[in-house]
Amino acid sequence: MIIKVKNLKKTYEGKVPTHALKNINFSVNKGEFVALMGRSGSGKSTLLHQLGLLDMPTTGEIIMDGIDLVKFSEKEKSDFRLRKLGYVFQSYALLPELTALESVYLPLMLLGINKKEYIKKASDILAKVGLGDRLHHLPKEMSGGEQQRVAIARALVNNPTILFADEPTANLDTESSEIILKLFKKLNKEIGQTIIMVTHEPDDKKYVDRVIWLKDGVIED
Amino acid sequence: MMTILIMTLAYVNIVFISSIFGGIVEAMNNESINNQYSNIVIEPAIDERYINNKEAMQLIDTLPGVVGSSKHYNDKAFISYDEYKDRKDIKSGNWVIKSVDIDDEIKVTQIHESIIKGSYLDSTDRDEIILGKEIAGGQGGGLEHLSLGGILIGDKIDVRFSNNIKRTYTVKGIFSVKNTQVDQMAFVTKKEMESVLNVHNLASEVLVKIENTGDEDDYIKDIKMLGLHDEDIKKWDELMGFTSSASKSFTMISVILGVIGTIVAGVTIFIIIFVSVVNKRKQIGILKAIGMMENTIILSFVIQALFYGVIGVILGASVILFILRPLFITNPLDFPVGWVSLKVTFNIIRISNISLLLASLIGGFFPAFRGAKESILKSIWS
């Protein structure tokens with residue numbers, strides 16, 4: 001088991017509190033490719049954000065390597081995100097001023113790896129996602145599919161324990177979506193990358209090992 | 001580019017105001033030292049009219065570092081001028097009249113260099129007098145209505161001293177310094193005054209000029225050790241009165257304006273970094289999601305703010321030191337208190353540098369802190 005979620009709740013305070021997640025319990029094994037699925041507003045993205053330490057749950061535990069990540073300080077969360085987690089967002093989330101190569105080696109720079117090594121590592125991973133010839137292109141010079149592959153390369157470059165993907169194909173055409181999902185599958189099979197992906201496409205089920213269905217903030221049996 | 005220009009101007013503003021006020025104060029001080037008090041003034045002991053210790057007065061000049069000393073007799077005299085010699089429309093007034101030993105005086109004051117009409121006294125002169133422009137009148141002074149109404153060189157004036165002795169003098173010269181008090185004085189030779197007052201080798205005051213202004217306290221100790229224990233010995237700045245309070249006011253105004261200038265610079269930086277943070281909200285969110293520490297993000301914006309500050313300091317200091325200061329040295333401003341130049345001191349530069357950099361630091365830190373502390377999701381989806 002690589003991650004275990006216990007009694008996780010997320011409530012957005014306001015005049016009328018919104019209970020986005022209600023007592024979530026599940027676990028994911030190492031090397032699993034899991035999809036979080038459900039209708040819009042079911043809480044799947046909210047759950048992913050809590051797991052990826054991008055947001056703070058109201059109560060509950062997220063345990064990795066025997067440590068409850070919820071108890072981390074902001075600094076510890078930042079360090080954990082840098083060393084152990086990878087993200088792929090729906091909107092790619094690339095820095096417009098950085099080339100593909102720069103975007104990918106940025107996490108390695110933050111880890112303090114030397115220049116020669118981080119350039120080599122970033123180049124290799126970009127080649128692995130099929131962008132070996134686009135190293136020096138800016139996001140605006142690439143298609144949506146290519147930008148998403150840069151984002152995947154950036155998420156993988158620090159060898160994350162878990163890769164989180166939040167509707168990674170939502171902005172892509174069918175062909176590009178297929179390329180991305182096949183790439184995820186390949187990474188999962190070849191290097192045993194654990195992946196937790198939010199998707200609303202029923203067809204995506206064929207790529208994953210397991211689907212966790214959410215409805216109104218709870219996991220459906 | 002506009003930011004750098006604003007920071008440069010903010011720096012120039014801070015340094016310029018402090019320096020011009022410093023220049024005004026320096027001009028006032030120089031006028032007092034050069035034409036009124038020199039560095040040290042020795043006056044008689046309480047209840048004494050004159051300084052009696054002749055030996056001690058003679059020894060002052062032998063002290064190392066003393067440029068010279070000048071003994072004066074001071075008297076209040078009634079001066080009158082009958083322009084048409086018809087005993088009608090006589091102009092008159094009470095003024096301070098002082099005597100000088102020419103050879104000593106020229107080492108201590110610069111009045112001999114400030115003659116605007118006629119010439120300075122010679123040591124052998126007995127029936128000649130020099131007048132400040134405020135006594136003579138007709139020289140553009142500010143107290144024209146109190147003057148003798150336009151004395152010309154060679155005119156005769158009547159002087160009645162405080163002991164009622166009356167003498168007629170020929171006006172030999174008219175002087176003008178940038179000090180109204182001095183311009184309301186008249187000077188005769190020591191021998192002439194001694195004959196009027198019937199004294200010999202005494203003094204109403206002794207002015208002492210030293211090599212380094214600022215060392216007065218040390219010299220006062222030395223002078224007292226010569227035997228002038230009971231005499232009233234003061235430094236020039238203790239005697240300045242109005243001028244001293246004016247310089248304190250100028251210093252306060254310059255501090256207030258400097259603080260306002262620094263706050264304006266800080267607010268400018270705040271706005272610039274705030275706009276930069278707002279425009280980069282999404283990037284900040286992405287960087288935080290990747291794992292970049294909040295402190296690193298804050299530091300990057302603070303460095304940006306400091307960059308503007310440092311460039312502002314460098315360009316501002318260049319404008320002050322290489323353009324404005326040389327310009328003011330060659331073209332000083334003609335102020336009523338003296339010729340005013342920019343007094344750019346190391347202290348002003350240091351304080352201005354620290355102020356602007358501190359303003360940049362604080363102005364940059366707060367918006368950066370706010371931006372870095374925002375939730376990752378809010379930033380990314382902004």
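Residues numbered from 1 in each chain as written. Chains lettered and ligands numbered in written order. Predicted model: local features only at pLDDT ≥ 70, side-chain atom pairs only at ≥ 80, totals over all residues.

A.B. asks: Before we go on, may I ask you to explain the nonpolar core in this structure?
C.D. replies: Nonpolar side chains in soluble globular proteins tend to be buried together. Val104(A), Ala153(A) and Ile196(A) are the most contacted members of the largest nonpolar core, which has 109 residues in total. When residues in this core are grouped by element, the largest group, 14 residues, is from helix H1 (residues 2-37) of chain B. Setting aside chain neighbours within four positions, we find Ile196(A) in contact with Val28(A), Val34(A), Leu36(A), Leu48(A), Leu51(A), Ile162(A) and Phe164(A). Tyr37(B), Ile157(B), Phe187(B) and Tyr219(B) belong to the second largest nonpolar core, which has 49 residues in total. (Core = buried A, V, L, I, M, F, W, Y, C linked by C-beta atoms within 7 Å. Buried ≥ 20, exposed ≤ 12 C-beta atoms within 10 Å, placed from the backbone. Helix = DSSP H or I, 4+ residues; strand = E, 2+ residues; numbered from the N terminus. Contact = placed C-beta atoms within 7 Å.)

A.B. asks: Can you help me understand the interface of chain B and chain A in this one?
C.D. replies: In many reports, interface size means the accessible area that the parts give up when they come together. Facing the twelve residues of chain B at the interface are 15 residues of chain A. Sorting the residues of the side of chain B that touches chain A by element identifies helix H9 (281-290) and helix H12 (376-380) of chain B as the ones contributing at least two each. Broken down by element, the side of chain B that touches chain A gets its largest block of residues, five residues, from H9(B). Per-class residue counts for the side of chain B that touches chain A are eight nonpolar, two polar and two charged. (Nonpolar A, V, L, I, M, F, W, Y, C, P; charged D, E, K, R; others polar.)

A.B. asks: Help me understand the sheet that holds strand S5 (residues 67-68) of chain A in this model?
C.D. replies: Hydrogen bonding along the main chain pairs the strands of a sheet, whether they run parallel or antiparallel. Residues and elements named next belong to chain A. Strand order in this open sheet of four strands is S2-S1-S4-S5, and the pairing throughout is antiparallel. If you trace the sheet from one side to the other, it starts and ends with strand S2 (18-28) and S5, each paired once. Strand direction decides the pairing type here: strand S4 (residues 59-64) and S5, joined by two bridges, are antiparallel. Across the sheet, the residue bridging to Met64 is Ile67, located in S5. (Pairing = 2+ DSSP bridges.)

A.B. asks: Sorry if this is basic, but what is going on with the environment of Glu26(B) here?
C.D. replies: In this fold, Glu26(B) is placed in helix H1. In the structure, Glu26(B) is positioned 317 residues away from Lys343(B) in sequence and 7.7 Å away in space, judged by C-alpha atoms.

A.B. asks: Please explain the pairing of strand S3 (residues 74-81) of chain B as it appears in this structure.
C.D. replies: Sheet faces and side chains relate simply in a regular strand, where the side chains alternate between the two faces. All names here are of chain B. Burial along S3 is one-sided: the face carrying Asp75, Ala77, Ile79 and Tyr81 is buried and the face carrying Asn74, Lys76, Phe78 and Ser80 is not. As judged from the three bridges shared by S3 and strand S7 (residues 156-160), these two strands associate in the antiparallel manner. Of the residues in S7, the one forming a bridge with Phe78 is Arg160.

A.B. asks: What is the right way to look at the sheet that holds strand S1 (residues 40-43) of chain B in this model?
C.D. replies: All names here are of chain B. Spatially, S2-S10-S1-S11 is the arrangement adopted by the four strands of the open sheet, whose pairing is antiparallel. Looking at which strands have only one partner, the edges of the open sheet turn out to be strand S2 (66-72) and strand S11 (232-235). Each strand axis lies, on average, 20° off the axis of its neighbour in the sheet, ignoring direction. Looking at chain direction, S1 and S11 are connected through four bridges and run antiparallel. Across the sheet, the residue bridging to Ile42 is Ile233, located in S11. (Axes fitted to C-alpha atoms, helices over the stretch in contact; angles between N-to-C directions.)

A.B. asks: What's the story with the environment of Ile380(B) in this structure? I'm lost.
C.D. replies: Positionally, Ile380(B) belongs in helix H12. Distance from Ile380(B) to Leu287(B), taken between C-alpha atoms, is 9.5 Å for residues 93 residues apart in sequence. With sequence-adjacent residues up to four places away left out, Ile380(B) is seen in contact with Ala93(A), Lys282(B), Gly285(B), Ile286(B) and Ala289(B).

A.B. asks: Where do I start with helix H7 (residues 216-225) of chain B in this structure?
C.D. replies: Helical geometry note: an α-helix holds 3.6 residues per turn, so side chains three or four residues apart project in the same direction. All names here are of chain B. Within the span of H7, buried status applies to Glu216, Tyr219 and Ile223. Projected down its long axis, H7 shows its buried positions confined to an angular sector of 65°, all on one face. Summarising the geometry of H7, the exposed residues directed more than 90 degrees from the buried face are Asp217, Lys221 and Met225. Of the surrounding secondary structure, the elements contacted by the buried residues of H7 are S1, S2, strand S10 (205-210) and S11. (Arc of directions from axis to C-beta.)

A.B. asks: How should I be thinking about helix H5 (residues 144-156) of chain A in this particular structure?
C.D. replies: Residues and elements named next belong to chain A. Taking 1.5 Å per residue as the helical rise, H5 with its 13 residues ought to reach 18 Å, and the 18 Å between its terminal C-alpha atoms agrees with that figure. Among the 13 residues in H5, eleven count as buried, and that is most of the element. Among the residues of H5, those classed as buried are Glu146, Gln147, Gln148, Arg149, Val150, Ala151, Ile152, Ala153, Arg154, Ala155 and Leu156. (Expected span 1.5 Å × (residues − 1).)

A.B. asks: Where do I start with unusual backbone geometry in this structure?
C.D. replies: Trans peptide bonds make up most of the peptide bonds, and negative phi angles are found at most residues other than glycine. A positive phi angle, near 55°, is found at Ala93(A), a position not held by glycine. Position of Ala93(A) relative to the elements: it lies in the loop between strand S6 (85-88) and helix H3 (100-110). In the Ramachandran plot, Ser38(B) falls in the positive-phi region, its phi being about 55° despite a non-glycine side chain. For Ser38(B), the position within the fold is in the loop between H1 and S1. For Ser38(B), a count of 24 C-beta atoms within 10 Å corresponds to the buried category.

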